[in-house]
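Architecture at a glance
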Amino acid sequence: MTARLHVDVAVIGAGPGGLAAARAAAEGGARVVCLDLFAAAGGQYHMQPTQPESRFAQTPQVLSGRDAARAARSAGVEILTRTEVFWVAGTEDGGYCLSACQAGAEALSIRATTLVVASGAMERPLPFPGWTLPGVIGAGAAQRLLKTGTGALPVPGKAVLAGSGPFLMAVAQTFAKAGQPLAHFVEYRRPNPRATARLLARHLRKLAEAFGLLRDLRRSGAERHFGHIVTRALGKDRLEAVEIAPIDASGRPDPARVQRIEGVGTLAIGYGFQPVTDVTAALGADHGFDPALGGWHCIVDPATGASSRPGLYAAGEVSGIGGASPARLSGRIAGSHAAAAALGRAAPDAAIVAPLAAELAAARGFARGLAALYPPLPDLPLDLAPDEVLCRCEDVTLAEVRAAVADGARETFAVKMWTRAGMGPCQGRICGAAIAAELRRAGTRPEAAGFNRPHLPLRPTPLPVVRAALAAERGST
Amino acid sequence: MSEDRTIGVILDGVPSRCAEGLPLTSLLAARAPGWRASPRAGAPRGMFCGMGLCFECMVEVDGRPARACLETAREGMKIRTATGPGAGS
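Described in the following lines is the structure provided in the data block. (Residues numbered from 1 in each chain as written. Chains lettered and ligands numbered in written order. Predicted model: local features only at pLDDT ≥ 70, side-chain atom pairs only at ≥ 80, totals over all residues. Heavy atoms only, no water.)

Notes on the sheet that holds strand β11 (residues 223-226) of chain A
Residue and element names in this part refer to chain A. Cut-off, in case you're wondering: One bridge is not enough; two strands pair if DSSP finds at least two bridges between them. Think of it this way: any DSSP run of H or I at least four residues long counts as a helix, any run of E at least two long counts as a strand, and we number them from the N terminus. Each axis is a line fitted through C-alpha atoms, and for a helix only the stretch in contact is used; angles between axes span 0 to 180 degrees, taken between their N-to-C directions.
The five strands are arranged β8-β15-β9-β10-β11 in an open sheet whose pairing can be described as parallel. Edge positions in the sheet fall to β8 (136-138) and β11, since each of these pairs with one other strand and no more. Taken pair by pair, the neighbouring strands of this sheet meet at an average axis angle of 20 degrees, ignoring direction. One ladder, built from four bridges, connects strand β9 (residues 158-163) with strand β10 (residues 184-187); its direction is parallel.

What follows is the structure, encoded as structure tokens:
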């Protein structure tokens, strides 16, 4: 039996942006449901520990996440966890119909008058030699293991944290708080103290946070390698060693100064974030490309959170990478506008929303400043072997992608048709950045290369669940 | 430490004990960081993104396909991996 819900506003994602949007919509008088894939509300930012004795049980991020979920619930929001939206479509009356899978097994069909997408961000995975070896994980994955697991990394051996961007420091801080030894910290960029000081002088509220990150990076005990890159992960059936090299003046690693780190069990690697745009793209909203915002993102009016499609709002990272505070602010704005639109009321009081928009602009300004301090790498300055895998789901190699491009593939979609890269369970989320980088090498700009077009189901879903949810939708029209 | 908060699961046919609610990725990676083989090359794979998007950590939980990074250990849970002992049986 398929569960059915009828609401004024549906919110996809229960991270900082989604919870703020859901609460604001409910406070605006709307009936609201908020859906999240994970077992606990909070998203990646507020991720909740599973173990009562966790050192993270009382951290501000965990407590504020619990408070945000509680506040949303007391405002009347129904939060459904372990609920993954696998399709969204517009309805004849101008509303939206969502098809979801609950706990991996049950179909759920939701009718909503307006929709707020707060689907968040994912790490931008950039391939490097050896990146598919077990033990090589995302920086966010390491953080999740430490915060939600036992507090220790499960794989014995040294831990190496590498990549680029401010998030790496946050992960090093997690290592320090967990008491998990971190052997090496490898950051591609060299921090510019003067530019950092200028940015912090404009955003004094961030000063304590910045000092805390620096202090905890030292406290982690890691040997720090700024201006270095991981050039290779080595091992037979699992990660055993990592090679790093300093970056020379041309931005490439110096092959004469490669250093090998032996006895490595975990390499956590992160080169920044990209918006998760499958839902907004499936609905045909306008998207733009901006490297400082993580690449492809849903375009919204910052004053309302409205996308180019009537009744569709987007909040937080999906509208451009910026972190938790822009997410919360844009969530409140989008949620209150989505509620007013759903209930046929006038736009929310400008006296309330205008200060939020001003705060949002400041928070976005800080995010822009950080992106300028750590410009996202479009690609890694490494030479991959022709047999290196780019598409992990379908085992598609660099040589196969290059052959497709040489044959005339000029967009992501063409590479997919030629090679199956992006056709597997991840639907191109993981290989997308690498394919775009290859197309760029061949002279196609990312704007022209496009992204993997979403289709039904957005996420792998058991067929009986797909059938049941779609049948319920047809029955309700 | 005083009370036993561990629960019993069956991991690839072998009864094992772990903390209740522990993410399956922690449980599996403690055995070995890889528990899948890639589809064409048969190369070893394990958890990668850790947040439900890459599907590299797929396992079978109580007979259903599941992402290990989204699952937490429950009493009596049967977990089967693609490359564990007894795989393919």
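On we go from here.
Quick word on the nonpolar core
For clarity, the threshold we go by: For our purposes a nonpolar core is just a set of buried Ala, Val, Leu, Ile, Met, Phe, Trp, Tyr and Cys residues, chained together by side-chain atoms within 4.5 Å. Each residue is placed in one exposure class: buried if its accessible area under a 1.4 Å probe, protein chains only, is under 20% of its type's maximum, exposed if it is over 50%, and partly exposed if it falls in between. For this analysis, residues touch if any pair of their heavy atoms sits within 4.5 Å.
Membership of the largest hydrophobic core comes to 98 residues, with the highest contact counts inside it found for A:F128, A:L161, A:L267, B:L24 and B:I79. Here this core takes six residues from helix α4 (residues 166-178) of chain A, the largest share from any one element. Dropping the residues within four chain positions of it, A:L161 is found in contact with A:A139, A:L168, A:V171, A:A172, A:L182, A:H184, A:F185, A:V186 and A:A268. With 25 residues, the next largest nonpolar core counts A:V33, A:A112, A:L115 and A:C298 among its residues.

Brief notes about the sheet that holds strand β7 (residues 78-80) of chain B
Strand-to-strand pairing in sheets goes through backbone hydrogen bonds, with the strands running parallel or antiparallel. Residue and element names in this part refer to chain B. Taken in spatial order, the five strands line up as β2-β1-β7-β5-β6 in an open sheet, and their pairing is mixed. Across the chains shown, the open sheet's two edge strands, defined by having one partner strand only, are β2 (14-19) and β6 (64-67). Between one strand axis and the next, the sheet turns by 40 degrees as a mean value, whatever way the strands run. Taken strand by strand, helix α1 (residues 24-31) contacts β1 (6-11), β2, β5 (58-61) and β7, and its axis lies near 65 degrees from that of β1.

A look at the pairing of β9(A)
For a regular strand, side-chain orientation follows a simple rule: the groups alternate between the two sheet faces. Residues and elements named next belong to chain A. The cut-off we apply is this: Crossovers are marked right-handed if the path from the first strand over the helix to the second runs clockwise, as seen with the strands pointing away from the viewer.
Burial runs high along β9: five of the six residues are buried. The pairing of β9 with strand β15 (residues 264-270) spans six bridges and is classified as parallel. The residue of β15 that forms the bridge with G163 is G270. Between the parallel elements β9 and β10, the chain passes through α4 in a crossover that is right-handed.

Structural notes on the packing of aromatic side chains
Residues and elements named next belong to chain A. Inclusion rule: Between 30 and 60 degrees the pair is tilted, below 30 it is stacked and above 60 it is edge-to-face, where a pair is any two Phe, Tyr or Trp rings, Trp via its six-membered ring, whose centres lie within 6.5 Å. A ring is scored as having a charge over it whenever the NZ atom of a lysine or the CZ atom of an arginine sits within 6 Å of its centre and within 35 degrees of its normal.
Throughout the structure, instances matching the rule amount to five aromatic pairs over all chains. Where W296 meets F451, the ring centres are 5.1 Å apart and the plane angle is 70 degrees; that geometry is what we call edge-to-face. Linking W296 in strand β18 (residues 295-298) with F451 in the loop between α13 (446-449) and α14 (463-475), this pair joins segments that are 155 residues apart in sequence. An aromatic cluster is defined as three or more aromatic residues linked by ring pairs; in this entry it consists of F289, W296 and F451. The aromatic ring of W131 is capped on one face by R392, whose charged end is 4.8 Å from the ring centroid. It is R453 that lies over the ring of F413; its NZ or CZ is 4.1 Å from the centre.

Description of helix α5 (residues 193-202) of chain A
Residues and elements named next belong to chain A. Heads up, the condition is: Throughout, the arc means that of the directions going from the helix axis to the C-beta atoms. Here a polar contact is taken to be a pair of N or O atoms separated by no more than 3.5 Å, where protein atoms must pair a possible hydrogen donor with a possible acceptor and residues adjacent in sequence count only if both atoms sit in side chains.
Of all the residues in α5, the buried ones are A195, L199 and L200. Buried residues of α5, viewed axially, fall in a sector of 135 degrees; they line one side. Along α5, the residues that are exposed and aim more than 90 degrees away from the buried face are P193, R194 and A201. Here the buried face of α5 lies against α6 (207-219) and α9 (350-373). The opening residue of α5 is N192, an N-cap whose side-chain oxygen sits 3.2 Å from the backbone nitrogen of R194.

Quick notes on the interface of chain B and chain A
As a reminder, the rule being used: Should a side-chain nitrogen of Lys or Arg be within 4 Å of a carboxyl oxygen of Asp or Glu, the pair is scored as a salt bridge. In the scheme used here, Gly and all other residues not listed as nonpolar or charged are polar, with Ala, Val, Leu, Ile, Met, Phe, Trp, Tyr, Cys and Pro taken as nonpolar and Asp, Glu, Lys and Arg as charged.
Listed by partner, the interface residues are 36 residues for chain B and 46 residues for chain A. Across the chain B-chain A interface, the total number found is six salt bridges. Note that B:E56 is salt-bridged to A:R392, the shortest N-O span being 2.5 Å. The tally of links from chain B across to chain A stands at 13 residue pairs in polar contact (both at pLDDT 80 or more). Those elements that provide at least two residues to the side of chain B that touches chain A are α1, β4 (44-45) and β6 of chain B. Broken down by element, the residue count for the side of chain B that touches chain A peaks at four residues, all from α1(B). Of the residues that constitute the side of chain B that touches chain A, the class distribution is 19 nonpolar, nine polar and eight charged.

Some words on empty space enclosed by the protein
Quick note on the threshold: For each structure, a 1 Å grid was placed over the protein atoms alone; sets of points admitting a 1.4 Å probe that cannot get out are labelled cavities, open sets with protein on both sides within 12 Å along at least five of seven lines are labelled pockets, and lining residues have an atom within 4 Å of a point. Grid points are joined across faces, edges and corners, and a volume is the space filled by probe spheres set on the points.
One pass over the structure, following the stated rule, counts two cavities of 30 Å³ or more. What the largest cavity holds in volume is close to 170 Å³. The wall of the largest cavity is formed by 16 residues, among which A:E123, A:R124, A:P125, A:I269 and B:F48 lie closest to the centre. When the residues that make up the lining of the largest cavity are grouped by side-chain class, the tally is twelve nonpolar, two polar and two charged. Put simply, the second largest cavity is a space of about 90 Å³. Contributing to the lining of the second largest cavity are A:G135, A:I137, A:L145, A:P154, A:V155, A:G265, A:T266, B:A29, B:P33, B:W35 and B:M47. Looking at side-chain class alone, the lining of the second largest cavity contains eight nonpolar, three polar and no charged residues.

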